[in-house]
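Each chain, letter by letter, is given below.
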Amino acid sequence: MNKVKVGVVQMSCVRDKQENLDKAITKVREAAAKGAQIVCLQELFTSLYFCDVEDYDNFDLAEAIPGPSTDALSAVAAELGVVIIASLFEKRTQGLYHNTTAVLDADGSYLGKYRKMHIPDDPAFYEKFYFTPGDLGYKIFPTKFGKIGILICWDQWYPEASRITALMGAEMLFYPTAIGWATDQDEETNKDQYNAWQTIQRSHAVANGVPVISVNRVGYEQDGAMKFWGGSFVTNAQGRLLYLASHDQEEVEVVEVNLQETDYFRKHWPFLRDRRIDSYGQITKRFIDED
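Keep in mind it's a predicted model, so treat the numbers as computed, not measured. (Residues numbered from 1 in each chain as written. Predicted model: local features only at pLDDT ≥ 70, side-chain atom pairs only at ≥ 80, totals over all residues. Heavy atoms only, no water.)

Trainee: Honestly, the UniProt feature "domain: CN hydrolase" (unreviewed entry) in the protein in this entry has me stumped. Any pointers?
Mentor: This chain's UniProt record puts "domain: CN hydrolase" (unreviewed entry) on residues 4–259. Between the C-alpha atoms that bound residues 4–259 there is a distance of 7 Å. The span itself is 24% helix and 32% strand. (UniProt positions renumbered as here; feature names shortened; annotations may be inferred. Helix = DSSP H or I, 4+ residues; strand = E, 2+ residues; numbered from the N terminus.)

Trainee: Hey, could you run me through the sheet that holds strand E15 (residues 251–258) in this one?
Mentor: Strand pairing within a sheet occurs via backbone hydrogen bonds; the two strands may be parallel or antiparallel. Read across the open sheet, the six strands follow the order E5-E4-E3-E2-E1-E15; overall the sheet is mixed. Two strands lie at the open edges of the sheet, namely strand E5 (110–115) and E15, each paired on one side alone. Across the sheet, the mean angle separating the axes of adjacent strands is 30° when strand polarity is ignored. Where strand E1 (residues 3–10) lies against strand E2 (residues 38–40), three bridges are found, and the strand directions are parallel. Bridged to Val8 within E2 is Cys40. In the packing of helix H1 (residues 17–33) onto the sheet, the strands contacted are E1, E2, strand E3 (83–93) and E15, and the crossing angle to E15 comes to about 45°. (Pairing = 2+ DSSP bridges. Axes fitted to C-alpha atoms, helices over the stretch in contact; angles between N-to-C directions. Contact = heavy atoms within 4.5 Å.)

Trainee: Could you clarify how one ought to interpret the sheet that holds strand E11 (residues 218–221) in this entry?
Mentor: Strands sit in the order E9-E12-E11 across an open sheet of three strands; the sheet is antiparallel. In this open sheet, the two strands that pair with only one neighbour each are strand E9 (180–182) and E11. Along the sheet, successive strands turn relative to each other by an average axial angle of 20°, direction set aside. Contacts from helix H4 (residues 187–208) reach E9 and strand E12 (226–229) within the one sheet, and its direction differs from that of E9 by about 155°.

Trainee: What should I look at first to understand the packing of aromatic side chains in this one?
Mentor: For any pair of aromatic rings, the description rests on two quantities: the centre-to-centre distance and the angle between the ring planes. Taken as a whole and judged by the stated rule, the model has 24 aromatic pairs. A ring pair is formed by Tyr49 and Phe125, whose centres lie 5.2 Å apart and whose planes are at 50°; its orientation type is tilted. Taken together, the residues span a long stretch of sequence, with Tyr49 in the loop between E2 and helix H2 (68–80) and Phe125 in the loop between E5 and strand E6 (140–143) at a distance of 76 residues. Residue classification places Tyr49 among the buried residues on the basis of a relative accessible area of 1%. The class of Phe125 is buried, set by a relative accessible area of 14%. Relative to Phe131, the ring of Tyr130 has its centre 6.2 Å away and its plane inclined at 50°; by these criteria the two rings are tilted. Judged by its relative accessible area of 3%, Tyr130 falls in the buried class. On the basis of relative accessible area, Phe131 is assigned to the buried category, the value being 3%. Connected via pairs of aromatic rings, a cluster forms that spans Phe50, Tyr56, Phe59, Phe89, Tyr97, Phe129, Tyr130 and Phe131. (Phe/Tyr/Trp six-rings, centres within 6.5 Å; stacked < 30°, edge-to-face > 60°. Buried < 20%, exposed > 50% of the residue type's maximum accessible area, 1.4 Å probe, protein only.)

Trainee: Help me out: how do you make sense of the layout of surface pockets in this one?
Mentor: Over the atoms, a rolling probe the size of a water molecule traces out where space has been left empty. The computed volume of the largest pocket comes to approximately 580 Å³. Lining the largest pocket are 17 residues; nearest its centre among them are Pro159, Glu160, Ile164, Ile283 and Thr284. Broken down by secondary-structure element, the contributors of at least two residues to the lining of the largest pocket are helix H3 (159–167) and H4. Take the lining of the largest pocket: its biggest share by element is six residues, from H3. In terms of residue class, the lining of the largest pocket is made up of six nonpolar, six polar and five charged. (1 Å grid on protein atoms, 1.4 Å probe; cavity = no way out; pocket = protein on both sides within 12 Å on 5 of 7 lines; lining within 4 Å. Points joined across faces, edges and corners; volume = space filled by probe spheres on them. Nonpolar A, V, L, I, M, F, W, Y, C, P; charged D, E, K, R; others polar.)

Trainee: For this particular structure, what's the right way to read the side chain of Asn216?
Mentor: Position of Asn216 among the secondary structure elements: in strand E10 (residues 212–216). Look at Asn216 and you get buried, because its relative accessible area is 0%. A polar side-chain atom of Asn216 sits 3.0 Å from the main-chain amide nitrogen of Ile179. From its side chain, Asn216 meets the backbone oxygen of Gly230 in a polar contact 3.0 Å long. What Asn216 contacts, discounting residues up to four positions off in sequence, is Gln10, Met11, Gln42, Thr177, Ala178, Ile179, Trp197, Trp229, Gly230 and Ser232. (Polar contact = N/O pair within 3.5 Å; in protein donor to acceptor, adjacent residues only side chain to side chain.)

Trainee: Where do I start with a negative patch on the surface in this structure?
Mentor: On the surface, a cluster of negative charge is contributed by Asp186, Glu187, Glu188 and Asp192. With respect to the helices and strands, Glu188 occurs in helix H4. Residue Glu188 is classed as exposed on the basis of its relative accessible area, which comes to 59%. (Patch = residues over 30% accessible without salt bridge, like charges linked within 9 Å, V, L, I, M, F, W, Y side chains within 5 Å. Areas by Shrake-Rupley, 256 points an atom, 1.4 Å probe, with all protein chains shown as cover. Salt bridge = Lys/Arg side-chain N within 4 Å of Asp/Glu carboxyl O. Lys, Arg positive; Asp, Glu negative; His and termini not counted. Charge placed at Lys NZ, Arg CZ, Asp CG, Glu CD.)

Now the structure itself:
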């Protein structure tokens, strides 16, 4: 396909898991009604962002993948004829959990999952308490509407992750994410943080010549201490913004991306061709020194 319509679902969440799932399904239907062919939901959309605390009870939010949520979404995908990208808290086995995104094709079939590779451990983002680092490697999924690469939130800061996924043949990069501002921060810090977040992801589009779709949550959580900053966006294969969401509203937007632009931009700005892969051996080192 030359052009694909992607649906961005930016929403707030509540404590009730079923209510969040039902809300997400309603918004997938809204996106499909607007013409979406691929709909991306935000990171861990069935719950509040629970990683602000280290609480063993939060493990009860996890589920098998495939499991109840993917079953419900598979039925919706088949009914509407859309691809659904669903970020979920995976219980792999007793005591082993992942931050995982499942991909459901337009006929409802389960195409597989990607487990988040980079796991943060910052104040209010204590993900290493909950999530085992991904062990499936980087992946692409051959959907009805194109080959898509999935990366999750903290992965978005790493050009190595986007590069490898693009080199595997991804025609689009999707980033389900959950990031926000501490409400006691000043506005200048807020702007700097958001701009850094958007810039690094747009650079992945430029460096790899593929569209990037980043879908973030919105709303106040953590008893008002955190404002998830929304700001979801879609770029073309040169990093140009095609859509930019607000910082404080739920939004369902459908954006057409032109996959043929990848060939054009890679020919005219041949960053992919001109890579000196013979000089990159040291990238596997933690730091380049004598130790």
